[in-house]
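Overview (structure and organization)
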Amino acid sequence: MHKLNIFQNTKWVLLEKGFNFLNSFFVIFILITHLGAESFGVYAYVIGLVSLFSFVASFGLDSVLVREFVSGNHKDSSLIGSALFLLAITSAFSCAVIFYVGYVYIQDVMVLSLIYVYALNVFAAPFNVFYIFFNAKMELANLSALRILALILIFGIKITAIWLDLGIAQFILIEVISIISMSMLSFFVFIVKKYSPKFEVCFKTVKLLFVNGLPLMISSGAIVIYAKVDLILIEALLDFQKVGVYATAVRISELWYVIPMTVTTLLFPLILTAKKVSMQSYWVETKLSSEILIVICTFFSLALFLFGPSLVQLAFPSEFQSSGDIVRILAFCGPFVGLGYINGRFMVAENLLYMSMRRNIYGLILNILLNIILIPRYGIHGAAFSTLI
């Protein structure tokens, strides 16, 4: 893999993620203050509920597709076409499940309408195949530059919406349009770069992707539910105001997660390439990647623990002040987040998909039980401790 390609890829992806971080940082702080605890609680609840089922749309194929593109065992047109076919089906199924669950269980008409609108973002999943293609080929420079421009535009739209004093429904709609548009940019760049738009659907490849993606889909589902089920249980056991306060702390504590996620995304193709060279290179690359992530995550965890409560006190009104304590508790999750990212990629590289699935399911069951026990007794602090444990 050419060193210049690696450098250009890394530079532009880091720039994009940096813009994304700044975008999230400023918009989240302004949006939370604009909406207030209860309305932001509804906003976070809608996103959380849809997330409980939207993981089905991507079917856990991100890492599998990177592995297959790097391996060169399939024609790109066949791999892309087969992935698009499978993800079109899973996206439609995911949306149908969300609509059904919302219709059966949600009584509030406004909340139900917001869920229906936000559920449409699952149709962005097929377009992510093209982003994965460019990532595997280490050709993300042009796409990342375009995504930076899109992020600046989205930032401007969100700030304008806040200035116009728009409500939750408009912000949900903007979020859906943003997600779908960012995904479609990958397809646009794919066409502009004159890659063949004639895709082939090979049912043998579809079966391979299904078999490899299924355990990862279940694993990613367990992780997503692990991360979002506390919001649903807080609403069921407490109220939307508490959801808003807790969700604010979660958003702050997760702001920096984009850094280990980006590092892992960039390192994974290099780890797979090293494995093709020799097992010694592979183990050296894996060990180095793990050490890098642990150092990064430990640094940000300490910073969050020390300065998180002060940030909450400075940035938010008094109704959010208890978020500071939650931020401190969630700060201890940092090193484990980094290990989780690299361990998940290692499991894919070693094809230990079902082991990864079982581990995540056990963690999810424990988390749900702890939430049910601790939230009635300790409120949102109990939810934070459940996440940490």
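Refer to the structure printed above.
Residues numbered from 1 in each chain as written. Predicted model: local features only at pLDDT ≥ 70, side-chain atom pairs only at ≥ 80, totals over all residues. Heavy atoms only, no water.

Quick word on the overall build of the protein chain
Spelled out, the test is: A helix here means a DSSP run of H or I that spans at least four residues, while a strand means a run of E at least two residues long, and both kinds are numbered starting from the N terminus. Only C-alpha atoms enter the radius of gyration, while the globule expectation follows 2.2 Å times N to the 0.38, with N the number of residues. When accessible area is computed with a 1.4 Å probe and restricted to protein chains, residues below 20% of their type maximum are described as buried, those above 50% as exposed, and intermediate ones as partly exposed. Throughout, a residue-residue contact means that at least one pair of heavy atoms, one from each residue, lies within 4.5 Å. Note that accessible areas follow from Shrake-Rupley with a 1.4 Å probe, and for residues the cover is restricted to the protein chains shown.
Within the protein chain one finds 15 helices and zero strands. For 389 residues, the compact-globule estimate of 2.2 N^0.38 gives 21 Å, and the C-alpha radius of gyration of the protein chain, at 21 Å, lies within 12% of that figure. Along the first, second and third principal axes, the C-alpha set of the protein chain runs to 55 × 40 × 35 Å. Going through the 389 residues of the protein chain one by one, you find that 50% of them count as buried. Partitioning the intrachain contacts of the protein chain with sequence separation of at least 6 by distance along the chain shows that 85% fall at a separation of at least 24. Total accessible area on the protein chain is roughly 17,900 Å²; 71% of this is exposed by carbon and sulfur atoms.

Some points on the environment of valine 250
As for its position among the elements, valine 250 is in helix 9 (residues 240–254). According to the relative accessible area criterion, valine 250 is buried, its value standing at 14%. Taking the C-alpha atoms as reference points, valine 250 and lysine 137, separated by 113 residues in sequence, lie 34 Å from one another.

Quick word on the environment of isoleucine 159
Structurally, isoleucine 159 is set in helix 6 (residues 141–163). The exposure class assigned to isoleucine 159 is partly exposed, which follows from its relative accessible area of 29%. Between the alpha carbons of isoleucine 159 and valine 263 there is a distance of 29 Å; along the sequence they are 104 residues apart.

Digging into the pattern of salt bridges
Rules: Salt bridges are identified by distance alone: a Lys or Arg side-chain nitrogen within 4 Å of an Asp or Glu carboxyl oxygen.
This model, assessed by the stated rule, comprises four salt bridges. A salt bridge links glutamate 175 to lysine 158; its shortest N-O distance comes to 3.2 Å. Of this pair, glutamate 175 sits in helix 7 (residues 168–192) while lysine 158 is found in helix 6, placing the two residues 17 residues apart along the sequence. Here glutamate 175 and lysine 158 have matching classes, each one buried. A salt bridge links glutamate 291 to lysine 287, with the shortest nitrogen-to-oxygen separation between them at 2.6 Å. One end of the pair is glutamate 291 and the other is lysine 287, both in helix 11 (residues 279–315) and four residues apart, which spans about a single turn.

Structural notes on helix 6
Definition in use: To estimate the expected span of a helix, count its residues, drop one, and scale the result by 1.5 Å.
Between its terminal C-alpha atoms helix 6 stretches 33 Å, which fits the 33 Å expected from 23 residues at 1.5 Å a residue. Restricting attention to buried positions, one finds in helix 6 the residues Ala141, Leu143, Ser144, Arg147, Ile148, Ala150, Leu151, Ile154, Lys158, Ala161 and Ile162. Just past helix 6, the residue aspartate 165 takes up positive phi, approximately 60 degrees.

Topic: the packing of helix 2 (residues 61–71) against helix 5 (residues 128–136)
We count it as follows: Only C-alpha atoms enter the line fits that serve as axes; for helices the fit covers just the stretch in contact. Angles between N-to-C directions range over 0 to 180 degrees. Each angle is binned into one of four classes, with values under 35 degrees roughly parallel, values over 145 roughly antiparallel, values of 65 to 115 roughly perpendicular, and all other values oblique. Handedness of a crossing follows from how the near helix is turned relative to the far one, being left-handed for an anticlockwise turn of less than a right angle and right-handed for a clockwise one. Three categories are distinguished: nonpolar for Ala, Val, Leu, Ile, Met, Phe, Trp, Tyr, Cys and Pro, charged for Asp, Glu, Lys and Arg, and polar for the others, with Gly belonging to the last.
In contact at an axis separation of 9 Å, helix 2 and helix 5 are set at 45 degrees when each is read in the N-to-C sense. With respect to each other, helix 2 and helix 5 are oriented oblique. Relative to helix 5, the crossing made by helix 2 is right-handed. Packed against helix 2, whose contacting residues are Asp62, Leu65, Val66, Phe69 and Val70, the element helix 5 presents Val129, Ile132, Phe133, Asn135 and Ala136 at the interface. Here the residues of the contact of helix 2 with helix 5 sort into eight nonpolar, one polar and one charged.

Observations concerning the side chain of asparagine 212
Quick reminder of the rule: Pairing of N or O atoms within 3.5 Å defines a polar contact, subject to two protein rules: one partner must be a possible hydrogen donor and the other a possible acceptor, and residues neighboring in sequence count only if both atoms are side-chain atoms.
Residue position: asparagine 212 is located in helix 8 (residues 203–237). Exposure remark for asparagine 212: the relative accessible area of 9% places this residue in the buried category. In terms of polar contacts, asparagine 212 uses its side chain to reach the side chain of arginine 67, at 2.9 Å. A polar contact of 2.8 Å, which involves the side chain of asparagine 212, links it to the backbone oxygen of leucine 208. Those residues in contact with asparagine 212 that sit more than four places away from it in its chain are Val64, Arg67, Asn351 and Leu353.

Details of unusual backbone geometry
The backbone of phenylalanine 59 sits at a positive phi, close to 55 degrees, despite the residue not being glycine. Among the secondary structure elements, phenylalanine 59 is positioned in the loop between helix 1 (3–58) and helix 2. Although it is not a glycine, aspartate 165 adopts a positive phi angle of roughly 60 degrees. Relative to the helices and strands, aspartate 165 is located in the loop between helix 6 and helix 7. A residue is classified by how much of its surface remains accessible, and aspartate 165, at 58% relative accessible area, is exposed.

Points about a nonpolar patch on the surface
As a reminder of what qualifies: Only residues above 30% relative accessible area that lack a salt bridge enter a patch, with like-charged residues linked at up to 9 Å and the nonpolar side chains Val, Leu, Ile, Met, Phe, Trp and Tyr linked at up to 5 Å.
On the surface, Leu15, Phe19, Leu149 and Ile152 cluster together to form a nonpolar patch covering roughly 350 Å² of accessible area. Listed by contribution, the elements that provide at least two residues to the nonpolar patch are helix 1 and helix 6.

Focus on the environment of asparagine 142
By the element assignment, asparagine 142 lies in helix 6. The partly exposed category is assigned to asparagine 142, whose relative accessible area is 49%. Residues asparagine 142 and serine 51, spaced 91 residues apart in sequence, show a C-alpha to C-alpha distance of 30 Å.

Quick look at helix 5
Within helix 5, eight of the nine residues are buried, which leaves the element mostly enclosed by the surrounding structure. Those residues of helix 5 not exposed but buried are Val129, Phe130, Tyr131, Ile132, Phe133, Phe134, Asn135 and Ala136. Immediately beyond the C-terminal end of helix 5, within one or two residues, lies methionine 138, with a positive phi of roughly 55 degrees.

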